[in-house]
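# What the coordinates show
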Amino acid sequence: MLALFTLGMFVTLTASAQKRGTGPDNRPSTADTIKAATKAGTIEVDYCQPAVKGRTVGKEIAPFDGKPWRTGANDETTISFSKDVKIEGKDLPAGKYSLWSIPGEKEWVIIINKRTTDWGTNYKPDNDVFRITVKTQKAPAFVERLKFTIEKSGKVSFTWGDYLVAFNVK
């Protein structure tokens, strides 16, 4: 009976640790949603905030190795648009998309992908809508947890560690 109770507790704790934004502050990552009315309509980003925790962005986390990263933690980061938009000049119909990136020291590739229902490590390039490349900037201050912002102008940016990455939505 004790073994069955122990197994039940293990399964319960394991399942709850996999839910988005649950558990201790350092694991899994804190969930956040940012939503803003912009000149391009309403933009919403739903993501989990990984922490740097003494590691280096580009090395131990979000490595500069040319591979897609989920631009967050846990589930896929999603971005939604209430209207048809242009992202850095590329047309995108209204809707919800997953947001991936390929981190780089000088440039980050932003990937808009049609799939929005997978765990964040299940990237499927066949579902890419498009990719854009933007310049990497130095963050004004070190940011421990990944943080997205949306400006009224439609500029979407995220900061993490010493990096700031931004793209324009019109």
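The rules behind these values
All residue numbers refer to position in the chain's written sequence, counted from 1. For this predicted model, a pLDDT threshold of at least 70 governs which residues receive local features, and a threshold of 80 or more governs which side-chain atom pairs are given and counted, while totals over whole chains, interfaces and linings are taken from all residues. For the side-chain quantities, the full set of heavy atoms in the structure was used; hydrogens and water were omitted. By convention a nonpolar core is built from buried Ala, Val, Leu, Ile, Met, Phe, Trp, Tyr and Cys residues, the set being connected through side-chain atoms within 4.5 Å. Using a 1.4 Å probe on the protein chains alone, a residue whose accessible area is under 20% of its type maximum counts as buried, one over 50% counts as exposed, and one in between counts as partly exposed. By the criteria applied, helices consist of DSSP H or I runs no shorter than four residues and strands consist of E runs no shorter than two, each listed in order from the N terminus. We call two residues in contact whenever any of their non-hydrogen atoms come within 4.5 Å of each other. Salt bridges are identified by distance alone: a Lys or Arg side-chain nitrogen within 4 Å of an Asp or Glu carboxyl oxygen. Here, a strand pair is defined by DSSP locating no fewer than two bridges between the strands.

### Describing the nonpolar core
In this structure, Ile79, Phe81, Ile87, Phe148, Phe167 and Val169 are the most contacted members of the largest nonpolar core, which totals 34 residues. In terms of residue count, the dominant contributor to this core is strand 10 (residues 155-168) (six residues). When neighbours within four sequence positions are excluded, Ile79 is seen to be in contact with Ile43, Glu44, Val45, Gly95, Lys96, Tyr97, Leu99, Ile112 and Phe167. Listed in part, the five residues of the second largest apolar core include Trp100, Ile102, Val109 and Tyr123.

### Here's the deal with the pattern of salt bridges
One side chain can pair with another of opposite charge once the charged atoms of both are near each other. Scanning the model with the defined rule gives five salt bridges in all. Two residues, Lys86 and Asp91, come together in a salt bridge whose shortest N-O distance is 2.6 Å. The class for Lys86 is partly exposed, based on a relative accessible area of 40%. Between Lys135 and Glu107 there is a salt bridge; the shortest N-O distance is 3.4 Å. Of the two residues, Lys135 is situated in strand 8 (residues 128-135) and Glu107 in strand 7 (residues 107-113); the sequence distance between them amounts to 28 residues. Judged by relative accessible area, Glu107 falls into the partly exposed class, the value being 40%.

### What to know about unusual backbone geometry
At Asn74, a residue that is not glycine, the phi angle is positive and equals roughly 60°. Its identity as a non-glycine residue notwithstanding, Glu88 has a phi of 50°, on the positive side. With respect to the element layout, Glu88 can be found in the loop between strand 4 (85-87) and strand 5 (90-92).

### Describing the pairing of strand 3 (residues 78-81)
If a strand is regular, its side chains alternate between the two faces of the sheet. Alternating positions in strand 3 separate into two faces, Thr78 and Ser80 on one and Ile79 and Phe81 on the other, with burial throughout. The sheet contact formed by strand 2 (residues 41-49) and strand 3 spans four bridges and is antiparallel. Looking at strand 3, one finds that Ile43 is bridged to Phe81.

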